[in-house]
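What follows is the residue order along each chain.
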Amino acid sequence: MIYTIGFQFLIVKLNRQQSNFRNTMAYVDSWDEFAERAVLLFRSDPVSTRYVMKYRHCDGKLVLKVTDNKVCLKFKTDQAQDAKKMEKLNNVFFTLMARGPDVDPTEELAKEQAASQMTKKGRGRRQ
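Residues numbered from 1 in each chain as written. Predicted model: local features only at pLDDT ≥ 70, side-chain atom pairs only at ≥ 80, totals over all residues. Heavy atoms only, no water.

Draft legend 1. Focus on the overall build of the chain. A tally of helices and strands in the chain yields four helices and four strands. Helices and strands appear in the chain in the N-to-C order α-β-α-β-β-β-α-α. Residues classed as buried in the chain amount to 26% of the 127 residues present. Sequence-distant contacts in the chain: of pairs separated by 6 or more residues, those separated by 24 or more amount to 52%. Just so you have it, the chain exposes about 10,000 Å², and 54% of that area is on carbon and sulfur atoms. (Helix = DSSP H or I, 4+ residues; strand = E, 2+ residues; numbered from the N terminus. Buried < 20%, exposed > 50% of the residue type's maximum accessible area, 1.4 Å probe, protein only. Contact = heavy atoms within 4.5 Å. Areas by Shrake-Rupley, 256 points an atom, 1.4 Å probe, with all protein chains shown as cover.)

Draft legend 2. Fine view of the packing of aromatic side chains. Inspection of every chain in the model, using the stated rule, returns five aromatic pairs. Among the aromatic residues, those joined into a cluster by ring pairs are Trp 31, Phe 34 and Phe 75. Positioned above the aromatic ring of Tyr 27 is the side chain of Lys 76, whose terminal nitrogen or guanidinium carbon lies 5.0 Å from the ring centre. (Phe/Tyr/Trp six-rings, centres within 6.5 Å; stacked < 30°, edge-to-face > 60°. Lys NZ or Arg CZ within 6 Å of the ring centre and 35° of its normal.)

Draft legend 3. Summary view of the pairing of strand S3 (residues 61-67). Of all seven residues in S3, five are buried, a share of seventy percent or more. In textbook terms, the turn of a hairpin is the stretch between consecutive antiparallel strands, and for strand S2 (residues 50-56) and S3 this stretch comprises four residues, one of which, Gly 60, has a positive phi near 70°. Bridging between S3 and strand S4 (residues 72-77) involves six bridges; their strand directions are antiparallel. In the sheet register, Lys 65 faces S4, and the bridge partner there is Lys 74. (Pairing = 2+ DSSP bridges.)

Draft legend 4. Focus on the pairing of S2. Judged from the seven bridges that link them, S2 and S3 form a sheet pairing that is antiparallel. Following the sheet pairing, Arg 56 is matched in S3 by Lys 61.

Draft legend 5. Main features of the nonpolar core. Core analysis: the largest hydrophobic core is formed by 18 residues, its most contacted members being Trp 31, Phe 34, Leu 64, Val 66, Leu 89 and Phe 93. Broken down by secondary-structure element, the contributors of at least two residues to this core are helix H2 (31-44), S3, S4 and helix H3 (82-99). Looking at this core, the element that brings in the most residues is H2, giving seven residues. (Core = buried A, V, L, I, M, F, W, Y, C linked by side-chain atoms within 4.5 Å.)

Draft legend 6. Molecular detail of H2. Taking 1.5 Å per residue, 14 residues should reach 20 Å; H2 reaches 20 Å between its end C-alpha atoms and fits that length. Buried residues along H2 sit against S3, S4 and H3. Two to three positions downstream of the cap, the backbone nitrogen of Asp 32 sits 3.4 Å from a side-chain oxygen, assigning the N-cap of H2 to Ser 30. (Expected span 1.5 Å × (residues − 1). Polar contact = N/O pair within 3.5 Å; in protein donor to acceptor, adjacent residues only side chain to side chain.)

Pasting the structure below:
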């Protein structure tokens with residue numbers, strides 16, 4: 001009898017958690033809003049935040065998902081120009097994951113781009 005009550009309590013608790021999770025999942029329409037909210041979500045809980053990319057070649061659709069099991073943000077696109085934006089978001093997440101959530105990724109990316117441009121000047125054919 002005790003096990004049955006505990007088991008029913010567990011089922012009720014799991015159902016409440018699942019229903020809360022469903023209420024917070026949403027597609028974000030704007031890329032800028034998605035990127036900003038995704039970075040804020042990662043900074044709030046970097047250990048449990050996941051970033052998932054899914055591409056369906058037959059449909060030509062790209063779906064990006066950032067979740068921490070409480071909030072789920074999704075962005076769906078079929079535009080080829082959004083691939084470059086996705087690459088920049090990847091670099092932002094790589095910077096935050098490698099150097100910590102308190103680092104400003106825009107400054108770090110600007111430094112890396114400046115360093116790569118200086119090294120490219122020396123390459124080429126000498127005349």
